[in-house]
Amino acid sequence: MTKRTVQFSIYRYDPDKDERPYMQDISVELDSTDHKLLDALTKLKAKDDSIAYRRSCREGVCGSDAMNINGKNGLACLTDIDSLKQPIVLRPLPGLPVIRDLIVDMTQFFKQYHSIKPYLINNDPPPERERLQSPEDREELNGLYECILCACCSTSCPSFWWNPDKFVGPAGLLAAYRFLADTRDQATSERLDNLEDPYRLFRCHTIMNCVDVCPKGLNPTQAIGKIKEMMVKRAI
Amino acid sequence: MNIPVLKFDAVIVGAGGAGLRSAIQLSEAGLKTAVLSKVFPTRSHTVAAQGGVAASLGNSEEDHWRWHMYDTVKGSDWLGDQDAIEFMCKKAVEVVVELEHYGMPFDRTDSGKIYQRPFGGHMSNFGEKPVRRSCAAADRTGHAMLHAMYQRNVKANTQFFVEWMALDLIRDSEGHVVGVTAMEMETGQVVIFHTRATIFATGGAGRIFYSSTNAFINTGDGLGMAARAGIPLEDMEFWQFHPTGVAGAGVLITEGVRGEGGILRNSNKERFMERYAPNAKDLASRDVVSRAMATEIKEGRGCGPNKDYVLLDITHLDPATIMKRLPGIREISIQFAGVDPIKAPIPVVPTCHYQMGGIPTDYHGRVVMPRNGDFNAVVPGLYAAGECACASVHGANRLGTNSLLDLLVFGKSAGDSAVEDIKGSKAHRDLPKDAADYSLSRVAAIDNRKGGSSVAEARLAIQRTMQDHAGVFRFADMLKKGAAQILEVEKQVMNLEIKDKSLVWNTARMEALETENLIEVAKATMISAEARKESRGAHVRDDAVDSPEFPNGRNDKEWLKHTLWHREGNKIEYKPVNLNPLTVESVELKTRSY
């Protein structure tokens with residue numbers, strides 16, 4: 001790609017000076033080396049330093065730059081700029097309070113993540129060396145541990161929009177299953193008790209927006225299904 | 001001005017690997033601890049580490065910490081301190097096993113043990129042949145590690161201050177560190193953290209270079225704070241250029257790719273590393289491989305229309321191995337090079353990756369600086385660990401997988417030292433009356449300046465100056481020019497203007513403050529590099545070439561010493577390298593070859 005100009009429509013809101021949010025039309029000239037949406041945002045910020053967004057690793061592993069891009073949640077650093085229809089409409093992740101511009105308050109998202117006790121529970125005295133785990137048992141964690149907590153999934157989930165305080169959401173439930181699936185973890189029944197509630201787990205209606213938007217290609221719906229299976233098995 | 005004061009036993013600045021590891025020690029010891037981070041902890045740059053963490057577990061073949069120690073000393077080109085290196089290599093097994101107990105999802109061998117792969121410069125039997133020492137979770141080891149340590153901190157109820165940026169160290173009239181000033185990004189409020197122990201775990205500053213594998217946040221904030229507080233920076237001329245950054249994008253491709261059998265090829269499809277390192281070949285030390293690649297490109301054997309990169313080839317590997325051991329690399333390659341490595345080789349170039357130098361510490365993680373003839377006098381109340389610190393275990397060149405090990409071992413020992421010192425002290429020392437004035441005046445200057453330079457321009461000037469004058473190969477005349485030029489750029493950085501005046505999440509202000517930290521690191525690097533008139537490890541200059549008297553251009557008679565750069569007057573002094581390990585015999589000086 002050569003030099004080209006790209007048009008944006010960006011959600012702007014600074015509570016320090018704006019009465020209400022508005023959409024800003026702005027364009028920027030890109031160099032041939034600018035490939036990703038984040039490259040364009042970096043150029044935009046050099047032009048107008050007041051545009052606020054989070055970013056860090058720029059390679060899709062830190063989960064900072066999740067936003068709503070032309071109506072779909074994704075990471076700016078992994079989105080090809082030339083694949084987007086213009087004007088490119090950028091909004092903050094839906095369903096969470098906006099702090100400023102593209103920056104949302106993620107408190108509720110992390111509260112749900114923390115609520116599933118996202119850490120290994122094993123009360124045996126630790127052995128001198130590593131706990132053993134077969135390669136097959138370890139394989140069960142693939143597709144679960146890779147989550148980057150970007151919140152693309154939970155903030156695209158209607159059930160999470162309606163009940164962010166009660167429904168754990170796809171990211172938190174994926175993490176819950178990551179520990180349920182770990183042969184080293186001993187808290188299976190405690191973890192299932194913690195989710196047995198009309199809202200926490202069972203508000204998932206398999207709409208599958210989470211799967212559709214996950215920038216890491218993970219499948220929270222499948223993990224949720226497996227937790228439900230464990231619940232059923234335990235009931236019999 | 002009335003600034004809020006928050007009182008803690010300890011504050012940890014940075015929540016990457018080193019910060020989270022020391023936080024576990026402090027929280028589990030029951031101390032009131034605050035962890036400050038510019039980003040949510042799992043967004044710290046440790047998350048991007050790929051290939052593994054070194055420990056002589058010997059899970060797949062015989063291995064010993066003494067072999068690991070030998071490799072690390074040799075890798076450091078003998079600039080590493082052998083007491084710290086012994087301490088780290090010996091502790092490796094313990095800290096990696098702890099991680100496994102925290103729940104880290106390591107890959108496994110058939111017998112259920114932690115999976116290990118070969119890595120550059122890690123050899124068996126004192127340099128004989130590559131050994132499997134790198135403990136890995138696919139090619140996402142840093143991610144798996146950082147999340148496991150964050151999770152352990154959730155369990156330990158560690159108190160995080162997320163999206164807070166530390167501004168300056170607070171030292172009292174006797175030089176004791178009594179806390180830091182910090183800004184809450186959501187409100188712009190400046191607060192004093194009044195502490196008995198302050199641990200810096202702020203990571204590296206790879207963003208001083210134009211082409212870097214580093215995240216945007218790697219701006220050397222701890223180094224800037226230390227330098228402004230009168231603490232020297234050690235061995236800042238030594239920067240690692242990782243052999244395999246994606247050409248153009250700079251994104252990292254792990255050395256683990258070569259550990260799994262990947263081969264570097266030039267435009268003749270030749271496996272050129274056989275000529276430069278007949279024994280270790282593609283698994284030679286990073287400085288050696290990067291120089292070989294730069295030489296191939298310089299001599300016209302680069303690939304592509306501009307002959308400006310070489311190829312990393314794994315097309316001969318079983319696709320199943322790639323999918324299992326290197327899935328993240330495949331994603332990165334498709335995303336950033338437009339190449340599926342199962343089908344075609346990846347275009348790569350040496351890219352700035354890691355800072356071997358940093359804030360001087362002993363192997364207990366206590367910050368040290370010269371005082372009254374003692375080169376290693378402790379700065380009371382201050383600790384540092386991870387990439388921002390210099391223990392020094394990496395010396396002139398770090399081995400791959402030793403960075404994750406460094407942050408575990410020294411994160412833990414800095415935490416332990418802080419616990420010990422806090423329990424041995426009675427109370428907080430008094431805050432100086434003007435504790436926050438310096439930070440407030442810096443912030444006010446940025447907020448109020450008119451007609452200054454833009455942050456984007458000043459930052460680019462730093463990055464261009466460093467890239468053009470202090471790269472893989474260094475030239476005496478360019479270093480001289482670079483040293484003069486970076487002082488010009490400093491004037492620009494001290495005159496930054498921002499348009500955004502909001503108090504709420506003002507990223508323009510944050511970036512201006514970061515740029516003020518970057519320039520300190522850039523000056524330290526350029527001036528230290530200009531001063532060191534030899535070639536050693538990652539620092540190679542045209543006027544210090546290979547000769548019988550000085551093999552590889554290394555001059556042990558005059559230059560077997562650590563650089564200390566002082567911000568005040570850009571003064572340089574030197575301190576001796578510690579060639580004496582704690583319990584074993586010294587690894588004797590030798591010419592380095594792979």
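About the criteria used
Residues numbered from 1 in each chain as written. Chains lettered and ligands numbered in written order. Predicted model: local features only at pLDDT ≥ 70, side-chain atom pairs only at ≥ 80, totals over all residues. Heavy atoms only, no water. Pairing = 2+ DSSP bridges. Helix = DSSP H or I, 4+ residues; strand = E, 2+ residues; numbered from the N terminus. Salt bridge = Lys/Arg side-chain N within 4 Å of Asp/Glu carboxyl O. Buried < 20%, exposed > 50% of the residue type's maximum accessible area, 1.4 Å probe, protein only. Contact = heavy atoms within 4.5 Å. Buried area = accessible area lost by both parts, 1.4 Å probe. Polar contact = N/O pair within 3.5 Å; in protein donor to acceptor, adjacent residues only side chain to side chain. Nonpolar A, V, L, I, M, F, W, Y, C, P; charged D, E, K, R; others polar. Core = buried A, V, L, I, M, F, W, Y, C linked by side-chain atoms within 4.5 Å. Arc of directions from axis to C-beta.

Draft legend 1. Quick look at the pairing of strand β6 (residues 129-135) of chain B. All names here are of chain B. Examined bridge by bridge, strand β4 (residues 53-54) and β6 share two bridges and lie antiparallel to one another. Residue pairing in the sheet places Val-53 in a bridge with Cys-135 of β6. With five bridges connecting them, strand β5 (residues 116-124) and β6 associate as antiparallel partners. Bridge pairing links Pro-118 to Arg-132 in β6. Count of turn residues in the β5/β6 antiparallel hairpin: four residues, of which Asn-125 carries a positive phi of about 50°.

Draft legend 2. Just the pattern of salt bridges, in detail. All names here are of chain B. Overall, the coordinates contain 79 salt bridges over all chains when judged by the stated rule. Between Arg-301 and Glu-299 there is a salt bridge, with the nearest N and O atoms lying 2.8 Å from each other. In this structure, the salt-bridge partner of Glu-516 is Arg-442, at a minimum N-O distance of 2.6 Å. With Glu-516 in helix α15 (residues 507-531) and Arg-442 in helix α12 (residues 437-448), this pair connects stretches of sequence that are 74 residues apart. Each member of the pair, Glu-516 together with Arg-442, is buried. Each of the salt bridges in this network shares a partner with another, and the network as a whole consists of Asp-77, Glu-237, Asp-287, Arg-291, Arg-532, Glu-534, Arg-536, Arg-554, Asp-556 and Arg-592.

Draft legend 3. Structural view of the pairing of strand β3 (residues 66-69) of chain A. All names here are of chain A. Here β3 shows two buried faces, one formed by Ala-66 and Asn-68 and the other by Met-67 and Ile-69. Here β3 folds back onto strand β4 (residues 72-75) in antiparallel fashion, the turn holding two residues, of which Asn-70 has a positive phi close to 45°. Where β3 meets strand β5 (residues 88-91), two bridges bridge the pair, whose relative direction is antiparallel. Residue pairing across strands places Ile-69 opposite Leu-90, the latter belonging to β5.

Draft legend 4. Layout of the interface of chain B and chain A. Taken together, the contact pairs 66 residues of chain B with 59 residues of chain A. Here chain B and chain A share an interface that buries about 5000 Å² over both sides, 52% of which is from carbon and sulfur atoms. Three residues stand out in chain B for area buried against chain A, namely Arg-43, His-101 and Phe-216 of chain B, and they jointly supply 15% of the buried area on that side. Ionic pairing is found between Arg-55 of chain A and Glu-511 of chain B, a salt bridge with its closest N-O pair at 3.4 Å. One can count 41 residue pairs in polar contact (both at pLDDT 80 or more) joining chain B with chain A. Among the elements that make up the side of chain B that touches chain A, the one with the highest residue count is helix α4 (residues 141-155) of chain B (seven residues). Its residues assigned to classes, the side of chain B that touches chain A shows 30 nonpolar, 19 polar and 17 charged.

Draft legend 5. Expanded view of the nonpolar core. Judged by nonpolar contacts, the single largest core of 178 residues is most densely connected at Phe-8 and Leu-90 of chain A together with Phe-410 of chain B. Tallying contributions element by element places helix α3 (residues 82-102) of chain B first for this core, with 11 residues. Ile-103 of chain A together with Ile-231, Met-526 and Ile-527 of chain B belong to the second largest nonpolar core, which has 82 residues in total.

Draft legend 6. Expanded view of helix α1 (residues 37-47) of chain A. All buried positions along α1 of chain A are accounted for by Leu-37, Leu-38, Ala-40, Leu-41, Leu-44 and Lys-45 of chain A. Across the axial projection of α1 of chain A, the buried residues extend over an arc of 150°, all falling on one side. Lining the buried residues of α1 of chain A we find β1 (4-12), β2 (22-30), β3 and β5 of chain A together with α15 of chain B.

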